[in-house]
Amino acid sequence: DVKVTQSSRYLVKRTGEKVFLECVQDMDHENMFWYRQDPGLGLRLIYFSYDVKMKEKGDIPEGYSVSREKKERFSLILESASTNQTSMYLCASRGGGTGAGEQFFGPGTRLTVL
Amino acid sequence: GENVEQHPSTLSVQEGDSAVIKCTYSDSASNYFPWYKQELGKRPQLIIDIRSNVGEKKDQRIAVTLNKTAKHFSLHITETQPEDSAVYFCAASHKPYSSASKIIFGSGTRLSIRP
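A. Broad picture of the pairing of strand 11 (residues 109-114) of chain B. Residues and elements named next belong to chain B. Side chains of strand 11 alternate between two faces, with Thr109, Leu111 and Ile113 buried and Arg110, Ser112 and Arg114 left unburied. By the bridge criterion, five bridges tie strand 2 (residues 10-14) to strand 11 in an arrangement that is parallel. When the bridges of strand 11 are listed, Ser12 appears paired with Ser112. Relative to strand 11, strand 9 (residues 86-94) runs antiparallel, the two sharing three bridges. Note that in strand 11 the partner of Ala86 across the bridge is Leu111.

What follows is the structure in structure tokens.
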């Protein structure tokens, strides 16, 4: 079974704090993704990575950065948290190549910024 | 870039009836079309997928159809049951022949099954 795990299920931070969300997958997947999910807005892609140290911006990268130093780990960083970043954050991973199939999601981190 | 549109945003059907969710995509190079189900408080999970060399795929009560010419694909759920209540997302692969391939999701359909 593919496992995608996230470091926290719930997180409460204060405005201006630096926040790290960690994601780990155990299936040697090339691709990893960070989404945020807000009511009525579906799954919005923040950043993704298709290889170690490689990253691409998604649809809403502003206010976020990412790090992928090892293949199994993909971190999302909020440099200076703001209240409008209160959301559910979902990590996902997927194999590479043209035959790549299922994307697996982590359980999510519900972040509240006060 | 790729865009996936999904309709309707909400759908309510009587238990036992069928439900249909429709999606369109913009990138004719897309070759993989998954459907995800997200139950309340849980992560999205794949329920069925189809590749561009196939027109239809069925798995028990769910089926997906793909019309490559029209760039249109649909999810059909027959004999709906209460446990089918969830949010459903369609998706399409973007840049499928690139190392930076990613899946683009539709905006979701909240399906409610009335007893």
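B. Main features of the sheet that holds strand 1 (residues 4-6) of chain A. All names here are of chain A. With antiparallel pairing, the four strands of this open sheet are ordered in space as 1-3-8-7. One side of each edge strand has no neighbouring strand; the edge strands of this open sheet are strand 1 and strand 7 (64-70). Taken over all neighbouring pairs, the strand axes of this sheet differ in orientation by 20 degrees on average, direction set aside. Inspection of the sheet shows strand 1 paired to strand 3 (residues 19-25) by three bridges, in the antiparallel sense. Note on strand 3: the bridge partner recorded for Val4 is Gln25.

C. Quick look at the layout of surface pockets. Of the pockets and cavities examined, the largest pocket occupies roughly 690 Å³. Along the walls of the largest pocket sit 31 residues, with A:Gln37, A:Pro39, B:Gln38, B:Val87 and B:Arg110 positioned nearest its centre. Sorting the residues of the lining of the largest pocket by element identifies strand 4 (31-38) and strand 9 (87-94) of chain A together with strand 9 and strand 11 of chain B as the ones contributing at least two each. Here the residues of the lining of the largest pocket are counted per class, giving 11 nonpolar, 13 polar and seven charged.

D. Focus on the side chain of A:Ser65. All names here are of chain A. Following the sequence through the fold, Ser65 ends up in strand 7. Among the polar contacts listed, one links the side chain of Ser65 to the side chain of Glu79, at a separation of 3.2 Å. Excluding its chain neighbours within four sequence positions, the residues that come into contact with Ser65 are Tyr47, Ser75, Leu76, Ile77 and Glu79.

Calculation rules
- Residues numbered from 1 in each chain as written.
- Chains lettered and ligands numbered in written order.
- Predicted model: local features only at pLDDT ≥ 70, side-chain atom pairs only at ≥ 80, totals over all residues.
- Heavy atoms only, no water.
- Buried < 20%, exposed > 50% of the residue type's maximum accessible area, 1.4 Å probe, protein only.
- Helix = DSSP H or I, 4+ residues; strand = E, 2+ residues; numbered from the N terminus.
- Pairing = 2+ DSSP bridges.
- Axes fitted to C-alpha atoms, helices over the stretch in contact; angles between N-to-C directions.
- 1 Å grid on protein atoms, 1.4 Å probe; cavity = no way out; pocket = protein on both sides within 12 Å on 5 of 7 lines; lining within 4 Å.
- Points joined across faces, edges and corners; volume = space filled by probe spheres on them.
- Nonpolar A, V, L, I, M, F, W, Y, C, P; charged D, E, K, R; others polar.
- Polar contact = N/O pair within 3.5 Å; in protein donor to acceptor, adjacent residues only side chain to side chain.
- Contact = heavy atoms within 4.5 Å.

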